[in-house]
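# Understanding the architecture of this molecule
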Amino acid sequence: MKDFFILLISRLRSNLKGGIKNGGRSTVLKFVLRISILLLLITTSKIYATDSLKWDYSKYKDYDYKSFFDSRYARQKIKFDDIDYPLLHAAIFYETNRQRVLSALSPFIHSLSLEKAAHEHSIDMVAYNFFSHTSVIKGKETMSKRLAKVGIKNAYTAENIANFSAIEYQLGKSVFAPSQNGGYFSYTYRGEPIGNRTYMSAAKAVLKQWMGSPMHRKNILNKKFKYLGVGAAYFEEENFYNMPYFKVTQNFASVRGS
């Protein structure tokens, strides 16, 4: 698309320089030229904007939960064929910190080691079709074993897990599935599609679930924990019309890890 506009602009300029005498035609060509340049600028800015939205771990030092949720990172839609897992993990991390601060607690510090353990557990839960703190993988059966693999031993630790919808579905509502409905989910037949969550709304959805559960809430607000890592994995919920879902894990610890 970008190359097309560049070629079009070049030809329009050539025609204008060629000394077209017809004033009306020259005016039209100038108008088309201006529109083409504008479209090229829009297309190019979108390309650069998309490239700039990828999250990397170095950005944790530049953001707190307020600046993160004010950023373009948080507001972009999740594309299921190109999920930015580090960004999804960051969104859940920062929403967890928002909940901490609301309770007058210090925010967590990000731990890449805890994130690695959490992400691997979520991936395992999807790959082996289980949902539990007890893994079916040899050597990873318990949270303690999983955290030991990333250098965390003799520390205060805890773990939260959750399943949640990756689209803006309201739990408990009747829904028309893609097979019934022209290829998409909606609340009414051929009605407005239920869209993909943004990274921000995904984080808020899973934290709402955890904060509504006394045991999960207790882990999030535990003063003994200083570090947090989050990991998620995408799957399609076969027990609910293959709706897009995430399994997600939080790992908490009093030490950072290796």
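As the structure is a prediction and not an experimental result, all values here were calculated from the model.

Each value, and the rule that gives it
- Residues numbered from 1 in each chain as written.
- Predicted model: local features only at pLDDT ≥ 70, side-chain atom pairs only at ≥ 80, totals over all residues.
- Heavy atoms only, no water.
- Salt bridge = Lys/Arg side-chain N within 4 Å of Asp/Glu carboxyl O.
- Helix = DSSP H or I, 4+ residues; strand = E, 2+ residues; numbered from the N terminus.
- Buried < 20%, exposed > 50% of the residue type's maximum accessible area, 1.4 Å probe, protein only.
- Polar contact = N/O pair within 3.5 Å; in protein donor to acceptor, adjacent residues only side chain to side chain.
- Phe/Tyr/Trp six-rings, centres within 6.5 Å; stacked < 30°, edge-to-face > 60°.
- Pairing = 2+ DSSP bridges.
- pLDDT = per-residue confidence, 0-100.
- Contact = heavy atoms within 4.5 Å.

### Structural notes on the pattern of salt bridges
Applying the stated criterion across every chain, the model contains 10 salt bridges. Between Lys 145 and Glu 141 there is a salt bridge, with the nearest N and O atoms lying 3.2 Å from each other. Its salt-bridge partner being Glu 168, residue Arg 197 comes within 2.9 Å of it at the nearest N-O pair. Taken as a pair, Arg 197 in the loop between strand S2 (157-165) and helix H8 (199-211) and Glu 168 in the loop between S2 and H8 lie far apart in primary sequence, 29 residues in all. Judged by its relative accessible area of 9%, Arg 197 is buried.

### A few points about the side chain of Ser 135
For Ser 135, the location among the structural elements is in the loop between helix H6 (112-127) and helix H7 (143-148). Given a relative accessible area of 5%, Ser 135 falls into the buried group. A polar contact is formed between the side chain of Ser 135 and the backbone nitrogen of Ile 137, at a distance of 3.0 Å.

### Quick notes on the packing of aromatic side chains
Pairs of aromatic rings are described using the distance from one ring centre to the other and the angle between the two planes. Taken as a whole, this structure holds 22 aromatic pairs when the rule is applied. Ring geometry for Trp 55 against Tyr 73: centres 5.3 Å apart, planes inclined by 90°, an arrangement best described as edge-to-face. A residue pair is termed long-range when its members are at least 10 positions apart, and Trp 55 in the loop between helix H2 (23-52) and helix H3 (65-69) and Tyr 73 in helix H4 (residues 72-75) qualify at 18 residues. Ring plane angle 85° and centroid distance 5.3 Å describe the contact between Tyr 60 and Phe 93, whose orientation is recorded as edge-to-face. With Tyr 60 in the loop between H2 and H3 and Phe 93 in helix H5 (residues 85-102), the pair connects residues that are 33 residues apart, well separated along the chain.

### Notes on the pairing of strand S3 (residues 227-237)
Counted residue by residue, S3 has 9 buried out of 11 residues, so it is predominantly covered. Examined bridge by bridge, strand S1 (residues 109-110) and S3 share 2 bridges and lie parallel to one another. Note that in S3 the partner of Ile 109 across the bridge is Tyr 227. By the bridge criterion, 11 bridges tie S3 to strand S4 (residues 243-253) in an arrangement that is antiparallel. Bridge pairing in S4 links Ala 233 to Lys 247. Linkage of S3 to S4, two consecutive antiparallel strands, is achieved through a turn of 5 residues, within which Tyr 241 is found at a positive phi near 60°.

### Considering the confidence of the model for the chain
Considering every residue of the chain, the mean pLDDT works out to 88; 80% of them sit at 70 or more. Counted against residues more than four places away or in other chains, residues 2-9, with its pLDDT under 50, gives 14 contacts. Overall, residues 40-52 carries pLDDT values under 50, and its contacts beyond four positions in sequence, including any with other chains, amount to 12 contacts.

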